[in-house]
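In case you want the letters, here they are:
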Amino acid sequence: MYIGEIARLAGTSPKALRHYEALGLLGDVRRAGAYRVYTQQDLAQVKLIRQAQALGFRLAELLPILAGDDTDWAALSQHIAAKRTQIQQDIARLRQLDAQLADIDTEIHDCLAHQYLQAAA
């Protein structure tokens with residue numbers, strides 16, 4: 001399949017595909033004259049790249065794992081575990097921030113209620 005078709009099927013742009021290829025994330029893409037010809041395996045690889053990006057992975061993180069013709073599944077699993085740990089830490093940090101915001105909001109409401117009572121008196 002040509003670049004337009006794989007871009008459509010993968011939900012990306014031809015420019016992104018060229019970028020992935022330039023980085024080495026797609027291995028060796030076959031050519032027919034001046035045209036790139038992609039396989040089902042290339043499509044699966046692009047979908048994996050897009051899914052990883054949607055999950056917060058940067059292309060630089062994916063490069064050592066996906067570069068070349070064979071995916072390093074063990075390394076990918078390790079990166080997923082590290083990303084999950086990072087997300088869990090982020091969630092804990094965000095929960096603390098939310099609790100602090102709730103405390104501040106309560107203080108503001110207490111001040112407003114006090115002002116209302118003083119104005120009514």
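Look up a bit, the structure's there.
Residues numbered from 1 in each chain as written. Predicted model: local features only at pLDDT ≥ 70, side-chain atom pairs only at ≥ 80, totals over all residues. Heavy atoms only, no water.

**Student:** What is the right way to read the overall build of the protein from this model?
**Tutor:** If you tally the helices and strands in the protein, you get five helices and two strands. When the helices and strands of the protein are read in sequence order from the N terminus, they spell out α-α-β-β-α-α-α. The C-alpha atoms of the protein give a radius of gyration of 25 Å, which is well past the 14 Å a tight globule of 121 residues would have. Each principal axis of the C-alpha distribution contributes one length, and for the protein these read about 85 × 30 × 20 Å. Of all 121 residues assigned to the protein, the portion counted as buried reaches 27%. As displayed, the protein offers around 8600 Å² of accessible surface, 56% of which is attributable to carbon and sulfur atoms. Both charge centroids of the protein, one from 13 positive and one from 14 negative side chains, sit 11 Å from each other. (Helix = DSSP H or I, 4+ residues; strand = E, 2+ residues; numbered from the N terminus. Rg over C-alpha atoms; globule rule 2.2 N^0.38 Å. Buried < 20%, exposed > 50% of the residue type's maximum accessible area, 1.4 Å probe, protein only. Areas by Shrake-Rupley, 256 points an atom, 1.4 Å probe, with all protein chains shown as cover. Lys, Arg positive; Asp, Glu negative; His and termini not counted. Charge placed at Lys NZ, Arg CZ, Asp CG, Glu CD.)

**Student:** So what exactly am I meant to see when it comes to the packing of helix α1 (residues 3-10) against helix α3 (residues 40-54) here?
**Tutor:** How two helices sit against one another is set out by the angle between their axes and by the gap between those axes. Packing of α1 against α3 brings their axes to within 10 Å, and their N-to-C directions diverge by 45°. Classified by the angle between their axes, α1 and α3 sit oblique to one another. The hand of the α1/α3 crossing is right-handed. On the side of α1, the interface is formed by Ile6, Leu9 and Ala10, while α3 contributes Asp42, Leu43, Val46, Lys47 and Arg50. The residue makeup of the contact of α1 with α3, split by class, is five nonpolar, no polar and three charged. (Axes fitted to C-alpha atoms, helices over the stretch in contact; angles between N-to-C directions. Parallel < 35°, antiparallel > 145°, perpendicular 65-115°, else oblique. Left-handed = near helix turned anticlockwise from the far one by under 90°. Contact = heavy atoms within 4.5 Å. Nonpolar A, V, L, I, M, F, W, Y, C, P; charged D, E, K, R; others polar.)

On their own, these measurements won't tell you what the molecule is for.
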